[in-house]
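Listed below are the residues making up each chain.
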Amino acid sequence: MAIEAPIPFDAIPLLASLRKEDREAVSPLCRVRGYEKGETIFREGDPADRIYFVHIGRVKIVKAAGGRDVILEILGPGEPVGAVAVFERRPFPAGAVTLEPSGIVSIPEREFFALLEKRPEMMRHLLAGLTYRLMMVNKRIADLIGSAEHRAARLFLTLADRVGLPKDNSVTIPLPLSRQEIADLIGTTLETAIRLMSRWQKDQLVLTEKTGFRIPDAALLRAVVSE
């Protein structure tokens, strides 16, 4: 459902750098919509006719591969969703599904590009931000290389860096992913993810808690990656 609310420009880095006059120009194009947990924002192959940004909540990017879904990444507040496909004017290469109740800002592609054609400085700001997004996507693809344990270690270190809450030597990740979602994120089977997380729980590498996960000592997890 659409929500009548101020557009949260300052909470979205890709838009936060825009000049005041650019914000005023793009604001009428923006739509804020609420999604329940598990709702689909767009599906793989859908036309990229809107550019999306996460305002509240978290979104997983899912791609079908070999008869099952692989989670390419998890996006949080302020991050663009499917922006590269919109700028390249091609269908979305993966789907987007909410992991929790979320607020999403979207802008129609056609009107957005018509505005950019009139404002080249605005285009330069946005392209700089999209270059960073491409670098992050390429890093995520590289993270799918190696054993399941190495991929899982890189995943939890990335989550700790992006959403972790440090306390003393430990880091809490307030993201209650299921074992299936972990399997999808690292490109392995549910059984492998269950065995891996059980062993890590016993070895005190990554502890599963009610509200997410806790890494008692990130240095131990980094050692798994370097093996």
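As a reminder, the structure under discussion sits directly above these lines.
Residues numbered from 1 in each chain as written. Predicted model: local features only at pLDDT ≥ 70, side-chain atom pairs only at ≥ 80, totals over all residues. Heavy atoms only, no water.

Colleague: If you had to explain the overall build of the protein chain to someone new, which residues and values would you point to?
Modeller: When helices and strands are tallied, the protein chain shows 9 helices and 13 strands. A separation threshold of at least 6 residues defines the contact pool for the protein chain, and within that pool the share at least 24 residues apart is 69%. Within the structure as shown, the protein chain displays about 11,600 Å² of accessible surface, and the carbon and sulfur contribution to it stands at 56%. (Helix = DSSP H or I, 4+ residues; strand = E, 2+ residues; numbered from the N terminus. Contact = heavy atoms within 4.5 Å. Areas by Shrake-Rupley, 256 points an atom, 1.4 Å probe, with all protein chains shown as cover.)

Colleague: If you had to explain the sheet that holds strand β3 (residues 40-42) to someone new, which residues and values would you point to?
Modeller: Within a sheet, neighbouring strands are paired by backbone hydrogen bonds and run either parallel or antiparallel to one another. Read across the sheet, 4 strands follow the order β3-β8-β5-β6 without closing on themselves; strand pairing throughout is antiparallel. Both outer strands of the open sheet, β3 and β6 (68-75), are each paired with one neighbouring strand and no more. Ignoring which end each strand starts from, the neighbouring axes of this sheet average 35° apart. Direction of pairing for β3 relative to strand β8 (residues 95-98): antiparallel, over a ladder of 2 bridges. Directly across from Thr40, in β8, lies its bridge partner Val97. (Pairing = 2+ DSSP bridges. Axes fitted to C-alpha atoms, helices over the stretch in contact; angles between N-to-C directions.)

Colleague: Let's hear about the pattern of salt bridges: which residues, and what values?
Modeller: Opposite charge on two side chains permits them to pair, given that their charged atoms come into close proximity. Within this structure, the stated rule accounts for 11 salt bridges. Ionic pairing is found between Glu21 and Arg19, a salt bridge with its closest N-O pair at 3.7 Å. A single network of salt bridges, built from pairs that share partners, joins Arg19, Glu21, Asp22 and Arg119. (Salt bridge = Lys/Arg side-chain N within 4 Å of Asp/Glu carboxyl O.)

Fair warning: the whole summary comes from geometry, so function is off the table for now.
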